[in-house]
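Structural features, examined
Residue-level listing of the chains:
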Amino acid sequence: MIAAASMGSTSFDYRAAGERLGVRVEREVPLRTHTTMGVGGPAAWVYYPRTMEAAAAIHHALGQGPLPVRILGAGSNVIVRDEGVRAAVITTRDMRQPPEMLYERRLRVSAGQPLPGLARWAAEHELSGLEFAEGIPGHLGGALRMNAGANGGWIGDVVEEVLYAGSKGEVASRTVRAEDFSYRSSIVAAEGLFAVGAVLRLNSGKRDEIRASMKAFRNRRRETQPVTERTSGCVFVNPGVEPAGRMIDRLGLKGTAIGGAVVSETHGNFIVNRDAATARDVLALIERVQDVLRDALGREPRLEVEIWGDDE
Ligand code: EPU
C-alpha cells in the first residue's frame, strides 16, 4: 500500500489535499530541518496548517490517503532515521497565534505555541502555573502528548481541556483531569489523539515573583543541561531507582562518542550532535548506552525520545 503510494499509482493527490484547504504543503522535506537534533532524512510530504481548524481538517483529509499520517511539533523529542519516513507529516510549527484569554484565567492555546514564550506571556499577564516550562525547548502539542515537565511541575497540572482533531475533521474537545497525565505520558499519547491545542487553567500571581522563579529555573537549566548544543532533550525516562542521567554519569559514559554524536559531558541523559552526526551515529550511541543501562538495571530502560523511521 505504502509502496504503491510512493510510486504514484494511487489516486490520492497529496498536493491537492493541502491546496484545497489552504494549507501550505511541501514534498520530500529533510526532517533534519524540523528536529532539534538536526538529523534525519526526508518525509514524503509536510503540511503547515496555521490554525487549529485547518490542522483538524488536513488531518482528516490525509486520513483518506494511503500513507501513514504523523504529527511533528518542535521536533525536540524526535530522532528521525537517515532514510526518512514515507509519511504525510503535519507540523504544528506555524500554529502559534497568541494565546486567547477566555474567562477566569483560562487560556486557549494553539499546539504550535513554544513553551518558554507561553510561560513569558503568562508572566506578563500575572498568571502563574507555567513557570516550570521556562527553557523547555518544545511546543504545547508535544508537551500535551508526553506530559512535558521540569522543576517539579508538568503540563498536566494546568490542562483543563485538550482540543484535538476529531473524526470528522472538526476541532473536538475533551475535559481532562490530573489522572489523565502521568510521568512522560498522557491520554493524548494513550489514545493517539492529534492535540491541536488546549485550554489551560492558571492562577493569579505577581509578575515579579513569577519572573523570579522563571529566572532561577533558567539559570539552573543553563548550569545542568547542554542548552546551547543540538540535542533531543533527555534520551531515557528516569527508571525510578535513580535518575538516568546520574546512572549514565556514574557508569562512566559521559564523553563517549560515535561519529559526530557524543554523550554530553554536562548531563549524562543528553546526546549531543556535535560534529555533523548522522541519525545512524546517534542511534548507535543510544544503543551503546542502553546496553550498559540494561545490565545495570536488570531490565529494559525506556526511551523518552521517539525514533521515527521505516524500520522502527
Ligand atoms: N546528575 C548527575 N549527573 C548527570 C546528570 C544528573 O549526577 O550527568 C544528578 C543531578 O545532580 C541530580 C540528579 O542526577 O542529583 C537529577 O538530575 P536533574 O535534576 O538534572 O534531573 P533529571 O531527573 O536528570 C529531569 C527531566 C528533565 C528536566 C529536569 C529538570 C527526565 C527524564 N528528565 O531530569 O527533562 O529538565 O528533570 O527538572 O525526567 C526532558 O524531558 O527531556 C528533560 C530533559
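Residues numbered from 1 in each chain as written. Predicted model: local features only at pLDDT ≥ 70, side-chain atom pairs only at ≥ 80, totals over all residues. Heavy atoms only, no water.

Attention now moves to the environment of L127. Take L127: it is sitting in strand β8 (residues 127-128). Taking C-alpha positions, L127 is 7.7 Å from R207, a pair spaced 80 residues apart along the chain. With sequence-adjacent residues up to four places away left out, L127 is seen in contact with M101, R105, L107, W121, A122, L202, N203 and I210. (Helix = DSSP H or I, 4+ residues; strand = E, 2+ residues; numbered from the N terminus. Contact = heavy atoms within 4.5 Å.)

The tally for this structure, following the rule as stated, stands at 19 salt bridges. One salt bridge connects R184 with E304, and the closest N-O pair in it is separated by 2.8 Å. Separated by 120 residues along the polypeptide, R184 in the loop between β13 (181-182) and β14 (185-186) and E304 in the loop between α9 (279-297) and β20 (306-308) bring together distant segments of the chain. E304 shares its class with R184; the two are buried. For the salt bridge of R294 with E300, the shortest nitrogen-to-oxygen distance reads 2.7 Å. You can call R294 partly exposed: its relative accessible area is 29%. By relative accessible area, E300 is classed as partly exposed at 45%. (Salt bridge = Lys/Arg side-chain N within 4 Å of Asp/Glu carboxyl O. Buried < 20%, exposed > 50% of the residue type's maximum accessible area, 1.4 Å probe, protein only.)

Here T92 shows up in the loop between β5 (85-91) and β6 (100-101). Look at T92 and you get buried, because its relative accessible area is 3%.

Next up on the list: the confidence of the model for the protein. In low-pLDDT regions, the fine details of the predicted coordinates are not to be read closely. This prediction gives the protein a mean pLDDT of 95; 96% of its residues lie at or above 70. In this model residues 1-9 is a low-confidence stretch, pLDDT under 50, and it forms 11 contacts with partners more than four residues away in sequence or in other chains. (pLDDT = per-residue confidence, 0-100.)

Neighbouring the ligand are 21 residues, the closest being N151, Y183, C234, N238 and D249. A distance of 2.9 Å is found between an oxygen atom of the ligand and a side-chain nitrogen or oxygen belonging to R220. In the model, an oxygen atom of the ligand is placed 2.8 Å from a nitrogen or oxygen of the C234 main chain. Protein contact buries 76% of the 830 Å² of open area that the ligand shows by itself. Where the shell around the ligand is concerned, the elements lending two or more residues are α7 (207-224) and α8 (244-250). The greatest single-element share of the shell around the ligand, amounting to three residues, is contributed by α8. Residues of the shell around the ligand, tallied by class, amount to six nonpolar, eight polar and seven charged. (Near = heavy atom within 4 Å. Polar contact = N/O pair within 3.5 Å; in protein donor to acceptor, adjacent residues only side chain to side chain. Areas by Shrake-Rupley, 256 points an atom, 1.4 Å probe, with all protein chains shown as cover. Nonpolar A, V, L, I, M, F, W, Y, C, P; charged D, E, K, R; others polar.)

Not every positive phi belongs to a glycine, and E126 is a case in point at roughly 55°. Examined against the element boundaries, E126 turns out to sit in the loop between α4 (115-124) and β8. One non-glycine residue with positive phi stands out, namely N151, at about 55°. Structurally, N151 is set in the loop between β9 (149-150) and β10 (153-154).

Another aspect to go through is empty space enclosed by the protein. Rolled over the atoms, a probe with the dimensions of a water molecule shows which regions are left empty. What the rule picks out here adds up to one cavity of 30 Å³ or more. By volume, the largest cavity amounts to about 30 Å³. Forming the boundary of the largest cavity are V235, F236, I248, V263, G268, N269, F270, I271 and V289. Residue composition of the lining of the largest cavity, by class: seven nonpolar, two polar and no charged. (1 Å grid on protein atoms, 1.4 Å probe; cavity = no way out; pocket = protein on both sides within 12 Å on 5 of 7 lines; lining within 4 Å. Points joined across faces, edges and corners; volume = space filled by probe spheres on them.)

The next subject is α7. Here α7 is 18 residues long and its end C-alpha atoms lie 26 Å apart, about the 26 Å a rise of 1.5 Å per residue gives. Buried within α7 we find I210, M214 and R221. Across the axial projection of α7, the buried residues extend over an arc of 30°, all falling on one side. When the buried face of α7 is taken as reference, the exposed residues oriented beyond 90 degrees from it are D208, E209, R220, R222 and E223. Where α7 is buried, its residues touch α4, β8 and β9. (Expected span 1.5 Å × (residues − 1). Arc of directions from axis to C-beta.)

What follows deals with the nonpolar core. L115, L130, L144, I155, V159 and L200 are the most contacted members of the largest nonpolar core, which has 35 residues in total. Sorting the residues of this core by element identifies β7 (106-110), α4, α5 (140-146), β11 (159-165), α6 (187-190), β15 (195-201) and α7 as the ones contributing at least two each. At five residues, the largest contribution of residues to this core is made by α4. With residues near it in sequence (within four places) discarded, L144 still touches I155, V159, F181, S186, V188, A195, G197 and A198. (Core = buried A, V, L, I, M, F, W, Y, C linked by side-chain atoms within 4.5 Å.)

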